[in-house]
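Remarks on the overall topology
Below are the chains, spelled out letter by letter.
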Amino acid sequence: MRNLLSKELNEVIGSDEHLGEMMSSDENSTFYCEKLIELSERTASGFSVDGNLPVLILKFGKWNWLFGSLFIIFLGFFVAVATINIEEPIYLLLPLVILSIFIVHARFWSITNKITLDCSNKNLIIENDHWLGRHLGGKKFIPFSEIISFDKKLKRYRAKGQIIHYRYRIILKTNLKKHSLFEIPHGPIYYINENSMIESIKGIIKNAYKKGELDEMSTSAKIAQVRLEGGRDHRKNWSENVEWKPAQIAYPSTEFDIQNLVLKASNERNKIRVIGTGHSFTELCKTDQILLSLDEYQGLVNVDKDNCQVTVKGGTKLKLLGELLWAEGLAMENLGDIDAQSIAGTICTGTHGTGTDFGTISTQIIALRLINGKGEIKSCSPSENPELFKAAQVSLGVLGVITEITLQCVPSYKLLVTNRKEQLNEVMSSISERNRQNRNFEHYWFPYTQTVWTKTTNIAESGEPDKDTFLNYASELVLENYTFKALCALAKIFPSKNKMVSKIVAQAVPTMKKLNYSHRVYATMRLVKFTEMEYNVPAEAYQDVMKEIIELVNSEKFAIHFPIESRWVKADDIYMSPAYGRDSAYIACHVYNKKDNTEYFKALEAIFRSYGGRPHWGKMHTLTQQDVIDLYPKYPEFNKIRKEQDPDEIFTNPYIKQLIG
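A short tour of the structure in this document, coming up. (Residues numbered from 1 in each chain as written. Predicted model: local features only at pLDDT ≥ 70, side-chain atom pairs only at ≥ 80, totals over all residues. Heavy atoms only, no water.)

What follows covers the packing of aromatic side chains. Using the criterion set out here, one finds 13 aromatic pairs in the structure. Measuring from ring centre to ring centre gives 5.2 Å for Trp238 and Phe530, while their planes differ by 75°; the resulting arrangement is edge-to-face. One end of the pair, Trp238, is in the loop between β7 (235-236) and β8 (243-244); the other, Phe530, is in strand β23 (residues 530-538), and 292 residues separate them in sequence. Judged by its relative accessible area of 16%, Trp238 is buried. By relative accessible area, which is 3% here, Phe530 ends up buried. Through pairs of rings, three or more aromatic residues link up here, namely Trp238, Phe281, Phe484, Phe530 and Phe562. Positioned over the ring face of Trp326 is Arg520, at 4.4 Å from the centre of the ring. Sitting over the ring of Tyr632, Arg614 keeps its end group 5.3 Å from the ring centre. (Phe/Tyr/Trp six-rings, centres within 6.5 Å; stacked < 30°, edge-to-face > 60°. Helix = DSSP H or I, 4+ residues; strand = E, 2+ residues; numbered from the N terminus. Buried < 20%, exposed > 50% of the residue type's maximum accessible area, 1.4 Å probe, protein only. Lys NZ or Arg CZ within 6 Å of the ring centre and 35° of its normal.)

Here it is in structure tokens:
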């Protein structure tokens, strides 16, 4: 394919020292600008297209917020001093010094910069986008001819961590009309000042050429729309217990893009793992090759209101999906308590809610569309490729990339949830009755106590949804998250305080009710990170399993304090579903993510396995291939279909290999 590159581009790649002069010429300027625009969504350069110009949004330094905070503090101090008429000059001088530093800082180092490639005038324009810097002349023009001089001062720096809140604010300052609020690209944040440029134009073109991306884009405008990042950063899952470094991260925005990525990986014998939100605690998404994110592939495809059926893109987050369905007067029949996951990731791991009349979320699917390891687009449903359908409903992502999911929805409904603090013995003796009398029932037992937090949820036939007040938000944010996080940190530093922490949290459980539309009731805010083991056990074995767990925890062999969660799910016939062939109880155990969970989870798993337990595929476990064969009667059929759909094992990683072969 490289022979498709123009002679001029080859000259640039092989001639570092003449790049500026070549780009400055009238003959070549437009050519190189066009190539950069083609590259804007394909490389890790951070460029994006704004009209017909690539635009780069950059962030410089967290210290800006420190300067801003200090300025506000000292300004307030200045006002206070002036008010009480203190004559000491030092009190008046300090805030003025801070103000001066802040002004100088805003002039030369901006909180955000925008770099525009001005093809017409052959300039790079660096604009200071600081609120004060804009008024202080923060703009600089760099002629193309000067690029070489800047190239020698390159310094690249990337923000640590993954998706950071302020990243959204930066991205939204561009005029990227192609992205909605819910489809913000999670690209890297680069730091820059006027004397250090992250990537010269030469570097962008050269790197893309080496990776074989530019020539493909020259022959296909559609492929050019795929945003790729070089795997220069380590990736972590939500709980930060799994870390990996993919060679490449792809963000396709169409099914065509996904298909081409799979075909290319197949031809080059590369592996692909698909990631949703990274809420799995296992190594399902871990890869050192291609990580395919569906973050830019979200939204509704088709809505059939008469039959309450909706087709949705695989990358759509549950939170967004809930709002989109509500706007159409529809809702999902049941959901879990986290809405950050993508719908494809949700079904691939067998995610569930609670309620003895409801199966896992995968049971709400009536049709699927996926791209298998051969690059073929396959559709399946109970009437079309039924065996593939049963395998794909819970697939661990090994059959292909799920692009479309058709859901059987219900008319929009409101739920009333009631939270109570109750006694363990009373709850355990009335489990069956509570499940029969309520649409959804679950409970949390607090270690070392007799306290249980119960949640019962039922359809509200009347009543207006509760208003989202600041007080409610602050209570959930501060009391249920930050206060609990502080207690978790205390228990980590002082292991002997775990028992005390559990009792404090148990005493703080409120009795409250909440009325709202279903998708706004199921989900809860989770800011305290943890690792989790959750096993499915036969519903009839629940009482015995829970008694053993309570005895184990109360033995105080383990420094834990997180409550233990119990939920219930109806049996299904999905090949790799933990609920296959049996009504089930799910028991979930958590550990603060900064603490070691090894021995605690090992002891718990021994109990679960002794009762024929099957793990939630997104939660921690130690199953081997032989264990899977023993626990899942339909494993042979599933594995046969897997080999048919992905004969070259494109969608495999070492974890998958150890788990299912």
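The next thing to look at is the pattern of salt bridges. Counted under the stated rule, the structure contains 20 salt bridges. Close ionic contact of Glu255 with Arg369 constitutes a salt bridge, the shortest N to O distance being 2.7 Å. Linking Glu255 in helix α10 (residues 255-267) with Arg369 in strand β15 (residues 365-372), this pair joins segments that are 114 residues apart in sequence. With relative accessibility at 26%, the residue Arg369 sits in the partly exposed group. The partner of Glu565 in a salt bridge is Arg567, and the shortest N-O contact between them spans 3.3 Å. The same class applies to Glu565 and to Arg567, which are both buried. Each of Asp337, Arg526, Glu532, Glu534, Glu565, Arg567 and Lys619 takes part in a single network of salt bridges with overlapping partners. (Salt bridge = Lys/Arg side-chain N within 4 Å of Asp/Glu carboxyl O.)

With that settled, the discussion passes to the nonpolar core. Counting 100 residues, the largest nonpolar core has Ile405, Met576, Tyr600 and Phe608 as the members making the most contacts within it. A total of seven residues in this core trace back to one element, the largest contributor, which is helix α19 (residues 542-554). Setting aside its immediate chain neighbours within four residues, Ile405 contacts Val310, Thr311, Val312, Ile343, Ala344, Ile347, Ile365, Ala367 and Leu368. Grouped together as the second largest cluster of nonpolar side chains are 14 residues, Ala250, Ile258, Leu261 and Leu294 included. (Core = buried A, V, L, I, M, F, W, Y, C linked by side-chain atoms within 4.5 Å. Contact = heavy atoms within 4.5 Å.)

The subject of this paragraph is helix α11 (residues 318-327). Residues of α11 that are buried include every one of Leu318, Leu320, Leu321, Gly322 and Leu325, and no others. Of the surrounding elements, those touching the buried residues of α11 are β12 (300-304), β13 (309-313), β14 (330-331), α12 (343-348), β17 (400-408) and α18 (518-522). The first or second residue beyond α11 is Gly329, which carries a positive phi of 80°.

Before going further, it helps to spend a moment on the sheet that holds strand β16 (residues 377-380). Spatially, the five strands line up as an open sheet ordered β12-β13-β17-β15-β16, and their pairing is antiparallel. With partners counted over all chains shown, the strands left at the sheet margins are β12 and β16, one partner each. Averaged over all pairs of adjacent strands, the angle between their axes in this sheet comes to 15°, without regard to strand direction. For β13 and β17, the ladder comprises five bridges, and the chain directions are antiparallel. Of the residues in β17, the one forming a bridge with Thr311 is Thr406. Against the sheet, α10 makes contact with β15, β16 and β17, and its axis sits at roughly 45° relative to β15, the strand it touches most. (Pairing = 2+ DSSP bridges. Axes fitted to C-alpha atoms, helices over the stretch in contact; angles between N-to-C directions.)

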